[in-house]
Amino acid sequence: MNDAQQAIAPGLKGVVAGETALALVDGGAGRLLYRGYPIGEVVEHGTYAQVAELLWTDTWDPEATLACGPVPAEVLDVLRRIPTHANAMDALRTAVSAWGAVHGVLWPPTVEQARALTAFAPSALAAFARLREGLEPIEPDPSLGLAEGFLTQLRGARPDPAAARALDAYFMVGAEHGFNASTFAARVIVSTHSDMASAVVGAIGALKGPWHGGAPAEVVDQLHEMGSIDQAEDWIRGTLARGERLMGFGHRVYRAYDPRAAALRRVAESQSHAADWLEKAMAVEEIALRVLAEFKPDYPIKTNVEYYAAAVLQGVGLPPNLFPATFALARHAGWTAHCLEQGEVDVLIRPDVRYVGPAERSLPA
Ligand code: ACO
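Cut-offs and rules
Residues numbered from 1 in each chain as written. Predicted model: local features only at pLDDT ≥ 70, side-chain atom pairs only at ≥ 80, totals over all residues. Heavy atoms only, no water. Helix = DSSP H or I, 4+ residues; strand = E, 2+ residues; numbered from the N terminus. Pairing = 2+ DSSP bridges. Near = heavy atom within 4 Å. Polar contact = N/O pair within 3.5 Å; in protein donor to acceptor, adjacent residues only side chain to side chain. Areas by Shrake-Rupley, 256 points an atom, 1.4 Å probe, with all protein chains shown as cover. Nonpolar A, V, L, I, M, F, W, Y, C, P; charged D, E, K, R; others polar. Domains from an automatic or database assignment. Buried < 20%, exposed > 50% of the residue type's maximum accessible area, 1.4 Å probe, protein only. Contact = heavy atoms within 4.5 Å. Buried area = accessible area lost by both parts, 1.4 Å probe. Salt bridge = Lys/Arg side-chain N within 4 Å of Asp/Glu carboxyl O.

(A) Examining unusual backbone geometry more closely. Following Trp 107, the chain continues into Pro 108 via a peptide bond in cis, with omega recorded as 0°. Along the chain, the position of Pro 108 falls in the loop between α4 (88-103) and α5 (111-131). The phi angle at Asp 346 is positive, at roughly 55°, despite the residue not being glycine. Within the fold, Asp 346 resides in the segment after α15 (323-345).

Pasting the structure below:
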């Protein structure tokens, strides 16, 4: 078969591009397993530190701990030079790149690099968030878990334990999700024998897009824009009629309800101080699912993780402009675990493309 006859899968939809032992994403049944463990059980009984160790080392260690790591002075200098109006994802991407330059990270990817990068990222983001407010960054406290340590560095005070637990749950849910765009980008980069920091820089770039990780902040905007619950249906119909997308709905793989959305919805329900916002979100969800089913009867578009991520992050008190970068913090465990897995497979990822440009011709005289 020549390449003009070979079938193309736009966006690689449905293409199986490798193997992984990290997560089973069962889109039809709405199941997500981390190395075999259902996400609902993991969130109920685990911590992000345990999830990260599970992904990196295939052990479920009840004693696992992971605290925020230091921000090297050179990286802080870089963060101080980023304009205060910059997007937090751009700041985090830049910080990880600078961290890689400082540490001179090399092939092959290692568990130590994975731990250090995952621990560094929350401190870097908290430092940027403070600097843009004209505040000095705060040193990480090694006795606190990643979520609690991040919130403490952000605000200069220990968070309410329920908020720390809710953010830790969010981190667990966001940790890993198969060959999504950002993870695939990380694997492509590491497949060239480039380093883990470069892979995470590329992954953050991919996650920045609203079709991937930028949705929760837009969920908040949309819920705000549509006005009261009575106005929601008209607003939703108008949005779909203009060919625009409803944020927090739809997924490339899930045709059933996203199990991560279900797990986060339970976490959101336990955040009593965010009750009004959550009540509106749940009422709007019901209307949106009904209208989407009418709009695309043959293509199930259900609630995705970002919808209730917005509820949890809002409840924790994070500003929406930090939502995508907070998702990136969570995904560090998965990205780096995929780098380790790709390092073991050790094959260059390099697909073919069909050329559809002009036939051979001479340059204009
Ligand atoms: N609102 C309205 N229409 C939608 C939505 C949505 N949320 N999602 C899909 N559709 C429609 C598309 O417009 C398209 O219609 P068409 O065939 O008439 O052009 C059809 O459904 C199929 O869309 P695709 O983009 O081809 O399908 P896919 O399933 O790959 O889309 C995606 C997945 C990109 C996430 C999409 O559902 C979307 O844009 N959702 C909104 C953004 C969002 O919530 N992103 C977060 C995803 S979760 C995550 O990345 C962690």
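This is not the end of the story, as more comes after the structure.
(B) Main features of the pairing of strand β1 (residues 23-26). In this sheet, strand β2 (residues 31-34) lies alongside β1 in antiparallel orientation, the contact comprising 4 bridges. When the sheet's bridge partners are listed, Asp 26 is paired in β2 with Arg 31.

(C) How the structure looks around the site of the ligand. Near the ligand there are 23 residues, and of these His 212, Leu 246, Phe 249, Arg 252 and Tyr 299 occur at the shortest range. Within the side chain of Lys 13, a nitrogen or oxygen atom sits 3.4 Å from an oxygen atom of the ligand. Note that an oxygen atom of the ligand is positioned 2.5 Å from one of the side-chain N or O atoms of Arg 252. When the free accessible area of the ligand is taken as 920 Å², the share hidden by the protein chains comes to 79%. Its residues placed into classes, the shell around the ligand shows 12 nonpolar, 5 polar and 6 charged. Looking at the shell around the ligand, you find at least three residues from each of domain 1 (73-211 + 326-345) and domain 2 (215-315).

(D) Focus on helix α10 (residues 215-225). Considered for burial, the residues of α10 that qualify are Ala 215, Pro 216, Ala 217, Val 219, Val 220, Gln 222 and Leu 223. Structurally, α10 contributes buried residues whose contacts are with α11 (229-241), α13 (275-295), α14 (305-316) and α15. Once α10 ends, the next one or two residues include Gly 227, with phi positive near 80°.

(E) Spatial organisation of the domain arrangement of the protein. Taken as a whole, the protein is organised into domain 1 (73-211 + 326-345) and domain 2 (215-315). In this structure, domain 1 and domain 2 have C-alpha centres spaced 27 Å apart. Note on domain 1 versus domain 2: buried area summed over both sides is about 1,100 Å², and carbon and sulfur give 71% of it. When the buried area of domain 1 at its contact with domain 2 is split by residue, Tyr 170, Val 173 and His 177 rank highest and sum to 47% of it. The interface formed by domain 1 and domain 2 includes 0 salt bridges. Summed over the shared surface of domain 1 and domain 2, the result is 2 residue pairs in polar contact (both at pLDDT 80 or more). Elements represented by at least two residues in the side of domain 1 that touches domain 2 include exactly α7 (161-174) and α15.

(F) Examining the pairing of β2 more closely. Where β1 hands over to β2, the hairpin turn is made up of 4 residues, of which Gly 30 adopts a positive phi near 65°. The pairing of β2 with strand β3 (residues 37-38) spans 2 bridges and is antiparallel. Across the sheet, the residue bridging to Leu 33 is Pro 38, located in β3. Between the end of β2 and the start of β3, which pair antiparallel, lie 2 residues, with Arg 35 showing a positive phi angle near 45°.

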